[in-house]
Amino acid sequence: MTSSPSPESAPATLTIDLAALAANWRLLRDRSGAPDCAAVVKADAYGIGIEPAVGALHQAGCRTFFVAHHGEAVRVRATAPDATVYVLNGLLPGASAAFVRDGIRPVIGSFDELADWAEASRDAGRRLPAAIHVDTGMNRLGFQPDEVERLAADPRLGAIEPALLMSHLTSADEPEKPASRLQVEAFDRARAALPGVPASLANSSGHFLDPTPAYDVARAGYALYGGNPVPGHPNPMRPVVRLEARIVQTRTIPAGTPVGYGGAWTAKAPRRLATISVGYADGYLRQASATDAHDGGAALVAGRLCPFAGRVSMDLIVLDVTDVPEAEARRGSVATLIGDALDIDEVGRRAGTIGYEMLTGLGRRYGRRYLDAA
């Protein structure tokens, strides 16, 4: 893993509030009403770092974690040796021995995976725990609904320990749609076919459905990191990430002057510009570029919203700071790219994407500063 520069020497600093992360987990745990609230820490804990995130969540009381890949699970295990760790993306051919060795639980979603894990259980001389993934509408991974009865009768299921039955909500952030209700109904049918197995369905937005389909294990993901689980309503979560960059240079340009690659943005009047050392190499998407035909991203300088001017390049972004007093927008002044009025969801919207993509793309060139969870 590439190390990050120190905040003192870096042109941009990513501040990660681990106390807010822990508080968000506690809020979701209490809201779910489930006996267990797991944390999803895939994609390097949504960009903030698996080790500090798992450490803070474990300290807060979290004992169950979900990741996408075995390598991520190993990092969780090293940080929280007593935790239960599930790998969402399943079991690849030949991977069983590594899962057994490292005490990691696969999420099984096919008969081929079941066969591999049953064989690993026989080799280990014990029933190895795994989650069973039933597809209730996502159509990506998992046993299809018409396979569940056959799964329940498969003798290989008896060779393993089905420790969890799970599925994934497709539209929990759109409660007006019937999709979540239909998925709950499909999931309950699967539970009836596989009785006695602890169940998990609610994701971040699922915690806020009425009624909340928490079952035995709730799974908190995006909302842990400050993302809004109830779009269109006030965000109940505390912000976790703040991204600030220092201005490298300023200049004043006359009307009609093009800015950036391709000259896609043109000053409509005399403008004062400021350049910061952040770009798409740092995960700030090129889609956030501003052109004459399209508004793009923005930053806050001295509390004022400053739109991007021109295309986001590999290492640099230009801001229009005309409305900021010169004394507050000069070399060394701070521009906030994520934080305050520019929460992660708003940043994603301005970049033509979602906050998830912005979070998980946070680069390693930022100086990272962690605020203690204690």
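Residues numbered from 1 in each chain as written. Predicted model: local features only at pLDDT ≥ 70, side-chain atom pairs only at ≥ 80, totals over all residues. Heavy atoms only, no water.

Engineer: I tried to follow the overall build of the chain on my own but got confused; where do I start?
Structural biologist: A count of helices and strands for the chain gives 10 helices and 18 strands. Principal-axis analysis of the C-alpha atoms gives the chain an extent of 75 × 40 × 35 Å. Across the 374 residues in the chain, those meeting the buried criterion constitute 53%. In the chain, 67% of the contacts between residues at least 6 apart in sequence involve partners at least 24 apart. About 16400 Å² of surface is accessible on the chain, with carbon and sulfur atoms providing 51% of the total. Computed over 38 positive and 42 negative side-chain charges, the separation of the two mean positions in the chain equals 5 Å. (Helix = DSSP H or I, 4+ residues; strand = E, 2+ residues; numbered from the N terminus. Buried < 20%, exposed > 50% of the residue type's maximum accessible area, 1.4 Å probe, protein only. Contact = heavy atoms within 4.5 Å. Areas by Shrake-Rupley, 256 points an atom, 1.4 Å probe, with all protein chains shown as cover. Lys, Arg positive; Asp, Glu negative; His and termini not counted. Charge placed at Lys NZ, Arg CZ, Asp CG, Glu CD.)

Engineer: Please clarify how the pairing of strand 13 (residues 271-276) should be interpreted in this entry.
Structural biologist: Looking along a regular strand, one sees the side chains alternate between the two faces of the sheet. Most of strand 13 is tucked away: five of the six residues are buried. Here strand 10 (residues 241-253) runs beside strand 13; their pairing, made up of six bridges, is antiparallel. Its bridge partner being in strand 13, Gln249 is matched across the sheet by Thr275. Note that strand 13 and strand 16 (residues 317-320) share four bridges and pair antiparallel. Paired with Leu273 across the two strands is Asp320, which belongs to strand 16. (Pairing = 2+ DSSP bridges.)

Engineer: Help me understand the packing of aromatic side chains in this model?
Structural biologist: Centre distance and the angle of the planes are the two values used to describe a pair of aromatic rings. Applying the stated criterion across every chain yields a total of eight aromatic pairs. Measuring from centroid to centroid gives 4.6 Å for Tyr46 and Tyr225, while their planes differ by 20°, and the two rings are stacked. Remark: Tyr225 occurs in the loop between strand 9 (217-220) and strand 10 and Tyr46 occurs in helix 2 (residues 42-46); sequence separation between them is 179 residues. Take Tyr46: its relative accessible area is 7%, and that puts it in the buried class. Residue Tyr225 is classed as buried on the basis of its relative accessible area, which comes to 2%. Here Tyr284 and Phe308 contribute two aromatic rings whose centre-to-centre distance is 5.6 Å and whose plane-to-plane angle is 55°, an arrangement assigned as tilted. (Phe/Tyr/Trp six-rings, centres within 6.5 Å; stacked < 30°, edge-to-face > 60°.)

Engineer: Please clarify how the packing of helix 1 (residues 18-32) against helix 3 (residues 50-60) should be interpreted in this entry.
Structural biologist: Packed helix pairs are characterised by how far apart their axes lie and by the angle those axes make with each other. At a minimum axis distance of 9 Å, the contact between helix 1 and helix 3 shows a crossing angle of 50°. It follows that helix 1 is oblique to helix 3 by the angle criterion. With respect to the hand of their crossing, helix 1 and helix 3 are arranged in right-handed fashion. Listed contacts from helix 3 to Leu18, Leu21, Ala22, Trp25, Arg26 and Arg29 of helix 1 are Pro52, Ala53, Ala56, Leu57 and Ala60. A per-class count over the contact of helix 1 with helix 3 returns nine nonpolar, no polar and two charged. (Axes fitted to C-alpha atoms, helices over the stretch in contact; angles between N-to-C directions. Parallel < 35°, antiparallel > 145°, perpendicular 65-115°, else oblique. Left-handed = near helix turned anticlockwise from the far one by under 90°. Nonpolar A, V, L, I, M, F, W, Y, C, P; charged D, E, K, R; others polar.)

Engineer: Hey, could you run me through the pattern of salt bridges in this one?
Structural biologist: Once the charged atoms of two side chains with opposite charge are near each other, the side chains can pair. One pass over the structure, following the stated rule, counts 18 salt bridges. The closest approach of N and O atoms between Glu51 and Arg75, which form a salt bridge, is 2.9 Å. Of this pair, Glu51 sits in helix 3 while Arg75 sits in helix 4 (residues 70-79); the two residues are 24 residues apart in sequence, bridging distant segments of the chain. We classify Glu51 as partly exposed; its relative accessible area is 30%. (Salt bridge = Lys/Arg side-chain N within 4 Å of Asp/Glu carboxyl O.)

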